[in-house]
Amino acid sequence: MRRSEDWDVVIVGAGPAGLSAALVLGRARRRVLICDKGTPRNWASRQMHGFITRDGIDPREFRALAHEELARYDQVERRSATVVGVRPLAGGLGFKVKFARGSEVRSRKLLLATGVLDRLPQVPGIEKLFGTSVFQCPYCHGWEFRDRAVAVYGHGKRGFEMARAMTAWTADIVLCTDGERLTAGAQRQLQRNGIQVRTAAISKLEARSGRLKRIVFHDGDALAREALFFDTPSSEQSALSRVIGCDYGDDGGVKCGQYSSTSVPGVYAAGNITRDVQLAIVAAAEGTRAAFGINRALTREDFATRLRSPAASTRESASRPGAGRKR
Ligand SMILES: Cc1cc2nc3c(=O)[nH]c(=O)nc-3n(C[C@H](O)[C@H](O)[C@H](O)COP(=O)(O)OP(=O)(O)OC[C@H]3O[C@@H](n4cnc5c(N)ncnc54)[C@H](O)[C@@H]3O)c2cc1C
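About the cut-offs
- Residues numbered from 1 in each chain as written.
- Predicted model: local features only at pLDDT ≥ 70, side-chain atom pairs only at ≥ 80, totals over all residues.
- Heavy atoms only, no water.
- Helix = DSSP H or I, 4+ residues; strand = E, 2+ residues; numbered from the N terminus.
- Expected span 1.5 Å × (residues − 1).
- Buried < 20%, exposed > 50% of the residue type's maximum accessible area, 1.4 Å probe, protein only.
- Contact = heavy atoms within 4.5 Å.
- Phe/Tyr/Trp six-rings, centres within 6.5 Å; stacked < 30°, edge-to-face > 60°.
- Lys NZ or Arg CZ within 6 Å of the ring centre and 35° of its normal.
- Domains from an automatic or database assignment.
- Buried area = accessible area lost by both parts, 1.4 Å probe.
- Polar contact = N/O pair within 3.5 Å; in protein donor to acceptor, adjacent residues only side chain to side chain.
- Near = heavy atom within 4 Å.
- Nonpolar A, V, L, I, M, F, W, Y, C, P; charged D, E, K, R; others polar.
- Pairing = 2+ DSSP bridges.
- Axes fitted to C-alpha atoms, helices over the stretch in contact; angles between N-to-C directions.
- pLDDT = per-residue confidence, 0-100.

Enquirer: Is there a simple way to explain helix α7 (residues 280-308) in this structure?
Expert: Since the α-helix advances by 3.6 residues per turn, residues separated by three or four positions end up pointing in the same direction. Along its 29 residues, α7 runs 42 Å from first to last C-alpha, staying within 8% of the 42 Å computed at 1.5 Å per residue. Turning to α7, its buried residues number three or more, namely Ala283, Ala284, Glu286, Gly287, Ala290, Ala291, Gly293, Ile294, Asn295, Ala297, Leu298 and Asp302. Elements that come into contact with the buried residues of α7 comprise β1 (6-12), α1 (16-27), β6 (104-112) and β17 (267-269).

Structural data, given as structure tokens:
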């Protein structure tokens with residue numbers, strides 16, 4: 001393996017979590033390889049909200065700005081590549097990271113920032129409206145539909161909770177359960193909060209000018225709505241954390257300890273895969289925390305190594321300013 005394919009940190013996933021981590025690690029003079037397969041969770045969105053100083057930015061522009069900032073740090077390299085395997089090296093010396101095209105690199109630490117993808121409800125017409133008038137997150141797009149006629153899609157507790165959440169933005173809410181009955185208690189609580197319930201199975205969504213216009217039911221009825229907010233389970237984008245053997249929490253997220261470290265030594269996790277608050281700025285903050293933890297661990301390891309071989313360290317420091325700092 002070429003020396004240039006030895007990295008301090010490989011980051012898998014270049015969403016807000018991975019990009020923020022790369023910035024902090026680059027500024028800490030770490031050799032960072034950040035890889036991405038080009039499938040961000042917000043692929044359908046044209047406006048990202050709630051990220052202070054970037055409210056309403058097109059996610060593609062957000063990524064482009066992040067790439068520009070990372071380009072200032074010559075020890076950070078971005079690569080369009082899918083990571084398909086990770087193998088620990090003997091003696092806790094790091095990992096071999098394997099790419100879909102067969103090549104491998106070595107890394108001392110690994111950050112998983114691989115995100116999740118939404119499973120859209122099985123309703124004809126929904127996919128082309130996702131990101132414009134069909135959404136999975138009221139914090140991201142609720143403001144744009146404040147005081148407007150919205151529908152909520154979700155089964156059982158999920159539908160109930162999304163309908164309750166939407167009351168922060170509008171009073172005109174219809175919960176569509178798509179064929180599922182609600183308990184009498186849930187129905188009563190929703191009604192007392194002014195939330196209507198439709199249990200009929202949904203036949204399709206109809207659009208006008210690329211935006212939701214009506215929800216059509218199998219019983220022939222139709223409901224005019226300007227937006228639909230759904231709550232369905234999302235899926236991890238990558239099996240890497242499971243393959244490596246990371247522990248999971250009860251909420252289904254990769255379990256993290258101090259500074260985003262996972263249960264596998266040397267592996268860190270950040271962003272939506274931890275199943276914390278699923279907003280871009282939180283993912284970015286988790287990436288920053290992981291970067292802090294990774295750099296702290298690397299610095300301490302190097303410090304301890306130099307203590308064990310003081311002569312070598314002194315020789316190296318004398319011959320090259322700053323040398324010995326990384327390994
Ligand atoms: C329609 C929509 C609108 C949204 N709007 C907002 C909003 O307005 N405001 C907000 O705060 N949040 C919004 N979100 C949520 C936001 O997109 C997520 O919180 C954020 O993207 C999570 O960042 P992340 O870095 O964890 O994951 P992601 O952004 O999903 O990035 C993960 C990356 O990892 C890559 N990857 C996965 N596996 C591999 C692998 N094996 N090898 C290489 N690369 C891999 C993927 O290609 C992907 O690019 C929205 C989401 C959706 C679906």
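Next comes the rest of the account.
Enquirer: Whenever I open this one, the packing of aromatic side chains confuses me. Can you help?
Expert: Note on aromatic pairs: each is described by the distance of the centres and the angle between the planes. Per the counting criterion, the structure on display carries 8 aromatic pairs. Measuring from centroid to centroid gives 5.5 Å for Phe135 and Phe229, while their planes differ by 35 degrees, and the two rings are tilted. Of the two residues, Phe135 is situated in strand β8 (residues 134-135) and Phe229 in strand β15 (residues 227-230); the sequence distance between them amounts to 94 residues. As far as burial versus exposure is concerned, Phe135 and Phe229 are alike and both buried. Ring-pair connections join several aromatic residues into one group, and the members of that group are Trp43, Phe130 and Phe230. We note Arg31 situated over the ring of Trp7; from NZ or CZ to the ring centre the distance is 4.5 Å. Looking at Arg146, its charged tip hangs above the ring of Trp143, at a distance of 3.8 Å from the centre.

Enquirer: Teacher, can you tell me more about the domain arrangement of the protein here?
Expert: Interfaces are frequently sized by the accessible area removed from exposure as the parts join. Examined at the domain level, the protein breaks down into domain 1 (3-117 + 234-319) and domain 2 (120-230). The C-alpha-based centres of domain 1 and domain 2 are spaced at 36 Å. Both sides together, the interface formed by domain 1 and domain 2 hides about 670 Å², and carbon and sulfur atoms give 61% of it. Viewed at the interface, domain 2 and domain 1 are joined by 0 residue pairs in polar contact (both at pLDDT 80 or more).

Enquirer: Sorry, what's going on with the site of the ligand here?
Expert: In the neighbourhood of the ligand, 37 residues make up the surrounding shell, with Asp36, Thr39, His49, Asn272 and Ala280 lying closest. In the environment of the ligand, an oxygen atom lies 2.8 Å from a nitrogen or oxygen atom belonging to the backbone of Asn272. In this structure, an oxygen atom belonging to the ligand sits 2.8 Å away from a main-chain N or O atom of Ala280. At the level of elements, α1, β2 (32-36), α3 (138-141) and α7 are the ones that each hand at least two residues to the shell around the ligand. Across the shell around the ligand, the residue classes break down as 15 nonpolar, 18 polar and 4 charged. Counting contributing residues per domain, the shell around the ligand is built from domain 1 (3-117 + 234-319) and domain 2 (120-230), each supplying no fewer than three.

Enquirer: Explain the sheet that holds strand β12 (residues 202-208) to me, please; I cannot follow it from the model alone.
Expert: Sheet strands line up and pair through hydrogen bonds in the backbone, either parallel or antiparallel. With respect to topology, 3 strands assemble into an open sheet ordered β12-β13-β14, the strand pairing being antiparallel. With partners counted over all chains shown, the strands left at the sheet margins are β12 and β14 (222-224), one partner each. Adjacent strand axes in the sheet meet at a mean angle of 25 degrees, parallel and antiparallel pairs treated alike. When β12 meets strand β13 (residues 211-217), the two strands line up antiparallel, connected through 6 bridges. Residue pairing across strands places Arg208 opposite Arg211, the latter belonging to β13.

Enquirer: I tried to follow the confidence of the model for the protein on my own but got confused; where do I start?
Expert: As a general rule, the predicted coordinates of low-pLDDT regions are not to be interpreted in detail. Per-residue confidence for the protein averages 94 on the pLDDT scale, and 93% of its residues sit at or above 70. Low pLDDT, under 50, characterises residues 317-327; the predicted model gives this stretch 21 contacts beyond four residues in sequence or across chains.

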